[in-house]
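Residues per chain, in single letters:
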Amino acid sequence: MDFGIEGKVALVTGGTRGIGLGIAQALAREGAKVSVVAAKAFDGNVRVSLRFTQGVLPGMVQRGWGRIVVISSVWGRESGGAPAYNAAKAAENSMVKSLAREVAAKGVTVNAVAPGSVMWEGGGWHRRRQADPDGIAEFIRQEMPMGRFGSAEEVANVVAFVCSRQASLLTGAIINVDGGQSRSNI
C-alpha cells in the first residue's frame, strides 16, 4: 500500500533490534528515509521520547506536516509489567495525549502504539521461552487470546500506517496492538 510517506524522514529510536528494527524496516519499505538511533541513551523511556520529540517537533511545525509515534505498551494503561515500567509507559501516554492537542492544528499528529507481548529472537520473551518452555506455553494459554505472541512486524505495520497520509485524522490515540491481551476498558 502507498502510505504517502516516500521521501519523508523517519527517526526510529531503539531501532537496531526487535520492534524498533521492524518499524525501521516497515518505514523504509514505504520509501521513508530512515535514521536509526540506539545504545546507552535508551536508559529511560519517557525522557528519551520527550527529548527526541522536542528535537524534531519545531521542524515538523515549520513544514506543517509530521508524525510522532511513541512506542508505549499495554502496561501503560493497566498493571502487568514492573511498576517503574508501567509508570513510564503511562507517562508516555499522557505526553502523547497532551502534545497531540497542542500541535493538531499545525499539521502534526502525535500517537502511541501500545504493543502487548511480542516475541523476537534475543528478546525477553524469547529468552524466557528457552529457559521455561512449559511456563511460557501456560502463559500463552492463559493470557494470549490469539494463542500466540505478536511479532515485531505486526507492530511495525501499524506504526507505518499511523505515519501515513491516510491516518491524517488520527491524533492523540493510544492504539493497542496486542491480540486481545490487554483487559483495560479505556
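No experiment lies behind these values; they were computed from the predicted model shown.

1. Regarding the pairing of strand β4 (residues 108-115)
1) Next: Among the eight residues in β4, eight count as buried, and that is most of the element.
2) Next: Side chains Val 108, Val 110, Ala 112 and Ala 114 of β4 all project onto a buried face; the interleaved residues Thr 109, Asn 111, Val 113 and Pro 115 project onto the opposite face, where all are buried too.

2. Considering the pattern of salt bridges
1) Next: Across all of its chains, the model carries four salt bridges by this definition.
2) Next: Arg 183 serves as the salt-bridge partner of Glu 143, at 2.9 Å between the closest nitrogen and oxygen. Placement of the pair is Glu 143 in helix α5 (residues 133-143) and Arg 183 in the segment after β5 (174-177), with a sequence separation of 40 residues.
3) Next: Using a relative accessible area of 55% as the deciding quantity, one classes Arg 183 as exposed.
4) Next: Note that Glu 154 and Arg 148 form a salt bridge whose closest N and O atoms lie 2.7 Å from each other.
5) Next: In this structure Arg 148 comes out as partly exposed when scored by relative accessible area, which is 38%.

3. Overview of the side chain of Ser 72
1) Next: Mapped onto the elements, Ser 72 comes out in the loop between β3 (66-71) and α3 (83-103).
2) Next: Only 2.7 Å separates the side chain of Ser 72 from the side chain of Asn 93, close enough to count as a polar contact.
3) Next: Apart from residues lying up to four places away in sequence, Ser 72 is in contact with Tyr 85, Lys 89, Glu 92, Asn 93, Ala 112, Val 113, Ala 114 and Pro 115.

4. Describing the nonpolar core
1) Next: Grouped together as the largest cluster of nonpolar side chains are 21 residues, with contacts concentrated most on Ile 5, Ile 19, Ile 23, Leu 27, Val 113 and Val 155.
2) Next: At the level of elements, β1 (9-13), α1 (18-29) and α6 (152-162) are the ones that each hand at least two residues to this core.
3) Next: Broken down by element, the residue count for this core peaks at six residues, all from α6.
4) Next: In contact with Val 155, not counting residues within four places along its chain, are Ile 19, Val 113, Pro 115, Val 118 and Val 177.
5) Next: Counting residues in hydrophobic clusters, the runner-up holds 14 residues, among them Leu 57, Leu 99, Ala 114 and Ile 174.

5. Notes on the environment of Ile 68
1) Next: As for its position among the elements, Ile 68 is in strand β3.
2) Next: Of the residues examined, Ile 68 reaches a relative accessible area of 6% and is grouped as buried.
3) Next: With 80 residues separating them along the chain, Ile 68 and Arg 148 place their C-alpha atoms 29 Å apart.
4) Next: Apart from the residues within four sequence positions on either side, Ile 68 is in contact with Thr 53, Leu 57, Met 60, Leu 99, Val 108, Thr 109, Val 110 and Asn 111.

6. Here we look at the sheet that holds β4
1) Next: Reading across the sheet, the three strands line up as β3-β4-β5 and stay open at both edges, with parallel pairing between neighbours. The open sheet has two edge strands with one neighbour each: β3 and β5. The average undirected angle you get between the axes of adjacent strands in this sheet is 25 degrees.
2) Next: Taken together, the four bridges between β4 and β5 define a ladder with parallel strand orientation. Considered in β5, the bridge of Pro 115 is made with Val 177.
3) Next: Sheet strands touched by helix α2 (residues 45-63): β3 and β4. Its angle to β3, the strand with the most contacts, is close to 170 degrees.

Calculation notes
Residues numbered from 1 in each chain as written. Predicted model: local features only at pLDDT ≥ 70, side-chain atom pairs only at ≥ 80, totals over all residues. Heavy atoms only, no water. Buried < 20%, exposed > 50% of the residue type's maximum accessible area, 1.4 Å probe, protein only. Helix = DSSP H or I, 4+ residues; strand = E, 2+ residues; numbered from the N terminus. Salt bridge = Lys/Arg side-chain N within 4 Å of Asp/Glu carboxyl O. Polar contact = N/O pair within 3.5 Å; in protein donor to acceptor, adjacent residues only side chain to side chain. Contact = heavy atoms within 4.5 Å. Core = buried A, V, L, I, M, F, W, Y, C linked by side-chain atoms within 4.5 Å. Pairing = 2+ DSSP bridges. Axes fitted to C-alpha atoms, helices over the stretch in contact; angles between N-to-C directions.

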